[in-house]
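Tertiary structure, described
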Amino acid sequence: MKSHNRFSDIFSVPRLRDIYHSTVFGLILNLLWVYLLYFTCRLVFLWVNWSTFSEGLTTGSLLTMLRGGFLFDTSAIFYTNSLYILLVLLPLHYKETRWYHTMTKWVYVTVNSLCLLINLADTVFFSFRGQRTTMAVFQEFGGEGNLATIVGHEVVSHWYLVLLFALMVTMLIKCYRRPAPVRKPLWRYYVSHSLWLVLIGFVAVCGMRGNVFFLSATRPISINYAFRYTTSPVETGLVLNTPFSMIRTIGQTTIPTPHYYETDEELDAIYTPLHLPSDSTEVRKKNVVILIVESFAQEFIGGLNKDLDGGTYKGYTPWADEMLDSCMWFDQMIANTYYSIDAPPAVFSSIPRAERPFVVSPHSVNHVSSLAGELKNLGYTSAFFHGADNESLGFNAFTRQVGFDRYYGQNEFYADPRFGGRAEFDGTWGVWDEPFLQYFCATLSELPQPFMAGVFTLSSHHPFKVPDKYADTFVDEGEFELHKCIRYTDYSLRRFFEEVRKQSWFANTIFVICADHTSSKRTHAEYKNEMGNFRIPILFYDPSGELPRGRQPGIAQQIDIMPTVLGFIGYDRPYIAFGKDLLKTAPEDSWAINWNSLPMYIKGDYLMIFDGNNVTALYNYRLDPMQKTDLKGTGLPEEAAMERDIKAIVQSYLQRMNSDNVTVKP
């Protein structure tokens, strides 16, 4: 009889009251609270970044993204709560004590509070980066000593998120359901906990992988799987969550080389980054000065937007507007970057961003050339200037790696008695643009000629301040505080060129002015799509008049700067650059690429998005500037030609990077 009762006890249907008070029900309920809070974070994320997502967002697309968000939330929640689940279901009745239950509760509260914190923090940070934070952030800002100041400012300015976080943590504490007490007989405890541990453990592994019973995918979902629920890279921020993004980028490896083309000869016939000098090359040793201007997006320049707002748009850059007629610039100008740390590799070394910043990728230790490194063969001196802390963003290390002779940062500025020293610190990032550009000019005049020099500005950046002496000159206007900073930086550039024109080396110098990337603070719909996300100014200024002036047909990009400058100077050696010489490329053959999440290729009138295997979208950006009509698969001859080209560029880039073949061996 006793044996029969035990058998019946195992398979008897539990009462509803017993289920409600069971350990497993409490565990599931605790995890459901976490799901609810993740969903709340996503809604808050959408609300705070509404201007980024509102354009073209429909009820259908939002529901699709929220459905994808549930998948990524499931993965993150099971990853981060795996220890908690194990602690609750571990089949040892000796652990069922008050201190153990308290420890388990605080593991649950602490881990999930941290996840909610980084989710809410990324709600703010997303507006500056345009994508969810990954582990690369620790490398990107590893040398910053001012993060406490920045975080403190954000805590004050986003107090409502701090309050929301406090309410969420309180909910985790108050709503937490403790495990049920142990009931005899003990064998039932061991059997039930063991079975539930196996079952929920299996569900958890499937949840982490993002697939059901290991059948829906051969490998765990990754960040780019968010494109399953949207075709827009920026919208993946709404699909993903930050804990998942950080977990899935721990220890990232290189992107494997695809083999679209079997032989190097076949590949090189379509695209090669190897540049060879012409037989009639004539070297002219002009100085080279490149100004990379923080967040100086094309949208801000009135002269590049004469048709915007029905022809009434003025922009925020009167000096840049005046310079356009004196500079060579192109019909389309595209950034190969997304973050500030992408800019030096793109501008100086013709290396585009390829899914992640080059300087934090496994390729960052490759042998890499640059304008500075190549021009050293012609006797050039080189220097790089950045007004932030000398270790900021790793610029010091990168410029040294690619052949720059000298680095001038905040320390060198402070040590120069001719300028304002520490009084010119902006309180967050570094030296204000105006004094640092004056220092840049003065120091250039001390360098032996010919020289190649670059400077990276920083004032047109969060937290969007201008010097106190200009508080009444550059004031908040329009929708974003950034606009006053753009005006201040434009004024600083004016002041720089006023001084430069007085220097003896001015007439024998070619200047290049470009942005590091676009800005997240976009006000016009034309700049909130795939093309607009990457439109920047790229201006070539030659005081001697040897370069063409004004608008030129064709497409320019940041990685074209190195080969164009070397071609203009008449560089007489072979070198590797992934861009093209704009002076030797027919307009119809010009192109641009941006590989932030998926490779985006622009040629002629078309923009193509490629996922590594297939074309995912094709738009005529001239006739369809809002990119609403996908022409993929409609039989356009341009589609096949562009797919052939983008495959060659991607394969050539990865093949050379993965084999450390990015320089011409002597």
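As the structure is a prediction and not an experimental result, all values here were calculated from the model. Per chain, residue numbering runs from 1 following the sequence as it is written. This being a predicted model, a pLDDT of at least 70 is required before a residue's local features are given, and a value of 80 or more before pairs of side-chain atoms are given or counted; all residues contribute to the totals for chains, interfaces and linings. Excluding hydrogens and water, the side-chain figures rest on all heavy atoms present in the structure.

**Examining the environment of Phe126**
The secondary structure listing takes helices from DSSP runs of H or I that are at least 4 residues long and strands from runs of E that are at least 2 residues long, numbered from the N terminus. In this structure, Phe126 sits in helix H7 (residues 98–129). Spatially, the C-alpha atoms of Phe126 and Thr52 are 9.9 Å apart, while their sequence positions differ by 74 residues. We call two residues contacting when some pair of their heavy atoms lies within 4.5 Å. The contact partners of Phe126, leaving out residues within four places of it in the chain, are Phe45, Asn49, Thr52, Phe53, Gln131, Arg132, Val234 and Gly237.

**Let's talk about a nonpolar patch on the surface**
On the surface, Trp196, Leu199, Phe202 and Val203 cluster together into a nonpolar patch covering about 340 Å² of accessible area. Its place among the elements puts Leu199 in helix H11 (residues 186–209). Patch building starts from residues that exceed 30% relative accessible area and form no salt bridge, then joins like charges within 9 Å and nonpolar side chains (Val, Leu, Ile, Met, Phe, Trp, Tyr) within 5 Å. Under the convention used here, a 1.4 Å probe and the Shrake-Rupley method define accessible areas, while residue burial counts only the protein chains that appear. The salt bridge criterion pairs a side-chain nitrogen of Lys or Arg with a carboxyl oxygen of Asp or Glu, the two atoms within 4 Å.

**Observations concerning the sheet that holds strand E5 (residues 406–408)**
Two strands pair if DSSP finds at least two bridges between them. Overall, mixed pairing links the eight strands, which are arranged E5-E4-E6-E2-E7-E8-E3-E9 in an open sheet. The open sheet has two edge strands with one neighbour each: E5 and strand E9 (550–557). On average, each strand axis in the sheet is inclined to that of its neighbour by 20°, with strand direction left out of account. The sheet contact formed by strand E2 (residues 287–293) and strand E6 (residues 451–456) spans five bridges and is parallel. Within E6, the residue paired with Ile292 across the bridge is Phe456. Throughout, an axis means a line fitted to C-alpha atoms (over the contacting stretch in the case of helices), and angles, computed between N-to-C directions, take values from 0 to 180 degrees. Relative to the sheet, helix H20 (residues 433–444) contacts E2, strand E4 (381–386), E5 and E6, its axis offset from that of E6 by approximately 170°. Sitting on the sheet, helix H21 (residues 482–500) is in contact with E2, strand E7 (509–515) and strand E8 (538–541), with an inclination near 165° to E2.

**Focus: the confidence of the model for the chain**
Confidence in the prediction for the chain averages 89 pLDDT; 92% of positions are at 70 or higher. Within a predicted model, pLDDT stands for the predictor's per-residue confidence, ranging from 0 to 100. Low confidence marks residues 213–218, where pLDDT is under 50. Its contacts with residues over four positions away, or in another chain, come to eleven contacts.

**Looking at the packing of helix H6 (residues 82–89) against H11**
Axis separation between H6 and H11 bottoms out at 10 Å; the angle between their running directions is 170°. Between H6 and H11, the angle is such that the two are roughly antiparallel. Note on element contacts: H11 touches H6 through His193, Trp196, Leu197, Ile200 and Met208, opposite Ser82, Ile85, Leu86, Val88 and Leu89. Only Asp, Glu, Lys and Arg are considered charged, only Ala, Val, Leu, Ile, Met, Phe, Trp, Tyr, Cys and Pro nonpolar, and every remaining residue, Gly among them, polar. Broken down by class, the residue content of the contact of H6 with H11 amounts to eight nonpolar, two polar and no charged. By the definition adopted for this analysis, an angle is roughly parallel if under 35 degrees, roughly antiparallel if over 145, roughly perpendicular if from 65 to 115, and oblique otherwise.

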